[in-house]
There are 2 protein chains.
Amino acid sequence: MALRDILAETPARRPGIPAAVAGLKDAFGERVVTGEDVRRAHAHTTTYIPNQAPDAVVFAESEAEVQRIVGICGETGTPIVPFGVGSSLEGHINAPQGGISLDLSRMDRVLAVNAEDLDCVVEPGVTRESLNAHLRDTGLFFPIDPGANASLGGMAATRASGTNAVRYGTMRDNVVSLTAVMADGRIIRTARRAKKTSAGYDMTRLLVGSEGTLGIITKLNLRLYGIPEAVLSGVCPFARVRDAVNTVIQTVQTGIPVARIELLDAQSMQAANAYAGLDMKPQPSLFVEFHGSPSSVAEQAEMFGMLAAENAGGPLETSSRPEERSRLWKARHDMYWASIALRPGCRAIATDVCVPVSRLADCIGETQADLDENGLIGPIIGHVGDGNFHVTLLLDMEDAREIDAAEGFMARLARRAVEMDGTCTGEHGVGQGKRGYLEAELGDTVDFMRTIKRALDPKGILNPGKIFVL
Amino acid sequence: MALRDILAETPARRPGIPAAVAGLKDAFGERVVTGEDVRRAHAHTTTYIPNQAPDAVVFAESEAEVQRIVGICGETGTPIVPFGVGSSLEGHINAPQGGISLDLSRMDRVLAVNAEDLDCVVEPGVTRESLNAHLRDTGLFFPIDPGANASLGGMAATRASGTNAVRYGTMRDNVVSLTAVMADGRIIRTARRAKKTSAGYDMTRLLVGSEGTLGIITKLNLRLYGIPEAVLSGVCPFARVRDAVNTVIQTVQTGIPVARIELLDAQSMQAANAYAGLDMKPQPSLFVEFHGSPSSVAEQAEMFGMLAAENAGGPLETSSRPEERSRLWKARHDMYWASIALRPGCRAIATDVCVPVSRLADCIGETQADLDENGLIGPIIGHVGDGNFHVTLLLDMEDAREIDAAEGFMARLARRAVEMDGTCTGEHGVGQGKRGYLEAELGDTVDFMRTIKRALDPKGILNPGKIFVL
């Protein structure tokens, strides 16, 4: 489904919405906002997918309120679009059938930190940075880092991951249990606080990544980790992307417990240098980080350096000084802005595919050739330990031919990833933007997803139009 | 639901079964077996849950055959009970409504080993030991180790784990994707081979742990790991279980990446000594194993030894010699048989609860007191890094009062775990034996599980009567 189709298929707003908005205003007064600016700010803003604003924004402050909102919307068949901070990338927070945006950002309390159990309980509006600030004196941290200071509810809903996933896993691995309000208004807790369980279907994992279409997350029980005694970061240049990727494969295979291993292609390195005033070598490079004891991180770095040298890369330049490490990772995290600065006035579209790591060098190579052939600018960065990479397409949104070229490129990229036994989305989710690629990737599996959606949300009130068209 | 109820509620066999068996005989000839010995051997044999034999056993040899069998059974409403090696513990392979046992043990091919990607593809009848034998020359291994040489299909179906889970996770974490025949006969592949994905609902995790009630697994794509360069195992005695558990908490919190950390209570140590002719101290002890580089495992052992000493435990006696390590872990894995040898003629019932590790010492302490008060013999062993432990009740099955006492004990143990925010089953699954505890643990969540079951298997042909009564 191309952008043209996404625009064309937008159905009419559902008829019960005005009654729902009236009922919500009765119940929540000024916390129901219908001004256009607020409504538009709560719909999709971060890619070229058009903004489809809800009819109203409701600011919830408790689980009981979420339940009440779901009740009012359920009676009237009104769509509910859960909203955290709005950093999702594939149209997740658009309201293509109208309805309300349910803003959960005020549900931002850390409810419990269980240090002995290495877990915590938070409300969905807590962001990852605020959680880590809260944890500062405990010696613990929450590792998942998608770049943006996303809400933890949103991160669970999209099964987010990011730079630390190669060592610490994704949201799939780090949500112990969830509390959610389901479409019929019932509140469920998907599991208790034990680290593992075999008690029936894995409802936790079913809700993680369901993009608000099966239930609205009101609490999360998350895994925490001890802050490593020593952290060592570094940059390692290579002549070719393929050499860097081979080093990654060998690093993982050797069992070096690398905490981060990020690829920046030559264009990204140039962008980072220009944006952050650095003078790194403008070659494909790996940004790495090692966690452990002082001797362990030194050993890891040494082993990694040897593997890099065997692949004609290096030298690995490392630092354990916090300010230097911060500068490095800030450069990595600012890549979105650094990329945009390559082409002033452009808009950036961050794509997201993931393939088996053995296919990664081929996939990136073919993708770079595709960019070149089509005259597109798209620096490439990647969570390469997981086989996941992004092309940040820099587009002139006024140029229809360029938009068409970008759409064709994105479709080919998704197909290429799937043909290499990978996925059209490693961590951004499906939303509206990737719906058209899902059947090619998963076949009838998508139909069983639809069956589950219909069974758990028969009125289709929870974030309709996302993941699939029913 | 107590044993009495499990026995009482057994419904009549479904009427379409004879037609299905006739149809299966036409299709598969001598691979449809109706002799009583084979049928009984394919129903539940390993606990005191009564044996409820299927009407026939069908030996499938390919995915296409599984699909055909599901078709024949679907037309006639005939229950299908998937069977691997029969090592499940909670009645998973019983046929309370009759029907067929679908024996998948002949689907035992390793279809692919992707060394660069650290994954493999296997048929469901491959056992964990045969997979590791197959991998021997690759430098890779599959870590999940539930003790029994279970089939990998069965391990996925019950979300199995075991001694290595503290480091390598459970089947939840190590199944990349599954191929399954669904109740309507369609074959789905739940995900592709990328290490992570955000492409819609996590159908992989929904099938893992679904105990054959949602689909029949015909292929598994599993994660593999490099065999560690160095492995160091050891035993560390403590004065009290609580001291051992505190050492575990601190070990995990400190970030020591322990690969195994197993508790044996004093009675288990005595049993192991007697059974294996060892002379370990008859005190609560931790069996530990460290994986890494030679210097890393030495450092891990040293740090662990210091923590143990701070908790009045130790000394940690270690060995890196393969034969000594094997002897140690054989003693651990033989605990089921060693326990039975404590009381000749008895039958053993292995319970399975899991709690947040901060509650583990309390939970074990109260459980030991409960055993004493009720005159029951039950050595305790545990995957304590995960808060998971088993009591192996040793029972005279001829003594009705003892059976009643055991049932009361098991119900209290499940309730105790749930009240401590844990689960009635950490790794054995629900099957028939734990159905009665599930609502107390998960409330309405169970109802949504039922909704999913009804939506995906409307005729109720896939392993009916397991996890819940519909």
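Conventions used here
Residues numbered from 1 in each chain as written. Chains lettered and ligands numbered in written order. Predicted model: local features only at pLDDT ≥ 70, side-chain atom pairs only at ≥ 80, totals over all residues. Heavy atoms only, no water. UniProt positions renumbered as here; feature names shortened; annotations may be inferred. Helix = DSSP H or I, 4+ residues; strand = E, 2+ residues; numbered from the N terminus. Contact = heavy atoms within 4.5 Å. Buried area = accessible area lost by both parts, 1.4 Å probe. Salt bridge = Lys/Arg side-chain N within 4 Å of Asp/Glu carboxyl O. Polar contact = N/O pair within 3.5 Å; in protein donor to acceptor, adjacent residues only side chain to side chain. Nonpolar A, V, L, I, M, F, W, Y, C, P; charged D, E, K, R; others polar. Axes fitted to C-alpha atoms, helices over the stretch in contact; angles between N-to-C directions. Parallel < 35°, antiparallel > 145°, perpendicular 65-115°, else oblique. Left-handed = near helix turned anticlockwise from the far one by under 90°. Core = buried A, V, L, I, M, F, W, Y, C linked by side-chain atoms within 4.5 Å. Buried < 20%, exposed > 50% of the residue type's maximum accessible area, 1.4 Å probe, protein only. Least-squares fit on C-alpha atoms with pLDDT ≥ 70 in both. Domains from an automatic or database assignment.

The name given to chain A in an unreviewed UniProt entry is D-lactate dehydrogenase (cytochrome), and the organism recorded there is Jiella endophytica. As recorded by UniProt, the Sequence similarities (unreviewed entry) comment attached to chain A reads in full: "Belongs to the FAD-binding oxidoreductase/transferase type 4 family." Among the UniProt annotations of chain A, the heading Cofactor (unreviewed entry) holds the following wording: "FAD".

### Quick word on the UniProt feature "domain: FAD-binding PCMH-type" (unreviewed entry) in chain A
In the numbering used here, UniProt assigns the "domain: FAD-binding PCMH-type" (unreviewed entry) feature to residues 50–227 of chain A. The annotated region residues 50–227 of chain A carries 22% helix and 25% strand content, and the separation between its end C-alpha atoms amounts to 41 Å.

### A closer look at the interface of chain B and chain A
Tallying the contact residues gives 82 residues for chain B and 82 residues for chain A. Across the interface of chain B and chain A, roughly 7000 Å² is buried in total on both sides, 54% from carbon and sulfur atoms. The largest share of the area that chain B buries against chain A comes from B:Lys196, B:Tyr201 and B:Phe448, three residues that together contribute 14% of it. The residue A:Asp386 makes a salt bridge to B:Lys196 at a minimum N-O spacing of 3.7 Å. For the pair chain B and chain A, the interface holds 47 residue pairs in polar contact (both at pLDDT 80 or more). Taken together, the elements giving at least two residues each to the side of chain B that touches chain A come down to helix 7 (165–168), helix 8 (171–174), strand 9 (187–189), helix 9 (203–207), helix 10 (241–254), helix 12 (294–310), helix 17 (435–442) and helix 18 (445–456) of chain B. Per element, the largest residue contribution to the side of chain B that touches chain A is 9 residues, and it comes from helix 18 of chain B. For the side of chain B that touches chain A, the residue count by class is 31 nonpolar, 28 polar and 23 charged.

### Considerations on the packing of helix 15 (residues 360–373) of chain B against helix 16 (residues 400–419) of chain B
Residue and element names in this part refer to chain B. Look at helix 15 against helix 16: their axes get within 11 Å of each other, and the N-to-C directions meet at 165 degrees. On the basis of their axis angle, the class for helix 15 and helix 16 is roughly antiparallel. Of the two possible hands of crossing, helix 15 and helix 16 adopt the one that is right-handed. Between helix 15, through Cys363, Glu366, Thr367, Asp370 and Leu371, and helix 16, the contact on the second element is made entirely by Phe409, Arg412, Leu413 and Arg416.

### Structural notes on the nonpolar core
Of all hydrophobic cores here, the largest spans 84 residues; its most connected members are A:Met171, A:Leu222, A:Ile452, B:Met171, B:Leu222 and B:Ile452. Setting aside anything within four residues of it in sequence, one finds A:Met171 in contact with A:Phe142, A:Ile144, A:Leu152, A:Met155, A:Ala156, A:Arg159, A:Ala160, A:Val208 and A:Leu222.

### Structural notes on the relation of the copies chain B and chain A
Of the transformation superimposing chain B on chain A, the axial component is 0.0 Å and the angular component is 180 degrees, with the fit at an RMSD of 0.0 Å. Overall, the copies show the geometry of a two-fold rotation axis. A share of 100% of interface residues in chain B that are also interface residues in chain A marks the association as one of identical surfaces.

### A look at the domain arrangement of chain A
Residue and element names in this part refer to chain A. Considered domain by domain, chain A is made up of domain 1 (3–106), domain 2 (110–226), domain 3 (230–337) and domain 4 (342–432). The centre of domain 1, based on its C-alpha atoms, is set 30 Å off from the matching centre of domain 4. The partner domain 4 presents 14 residues to the 15 residues of domain 1 that form the contact. Buried surface at the junction of domain 1 and domain 4, both sides included, amounts to about 1200 Å², of which 49% is carbon and sulfur. Counting across the domain 1 and domain 4 interface gives 0 salt bridges. Seen at the junction of domain 1 and domain 4, the total is 4 residue pairs in polar contact (both at pLDDT 80 or more).

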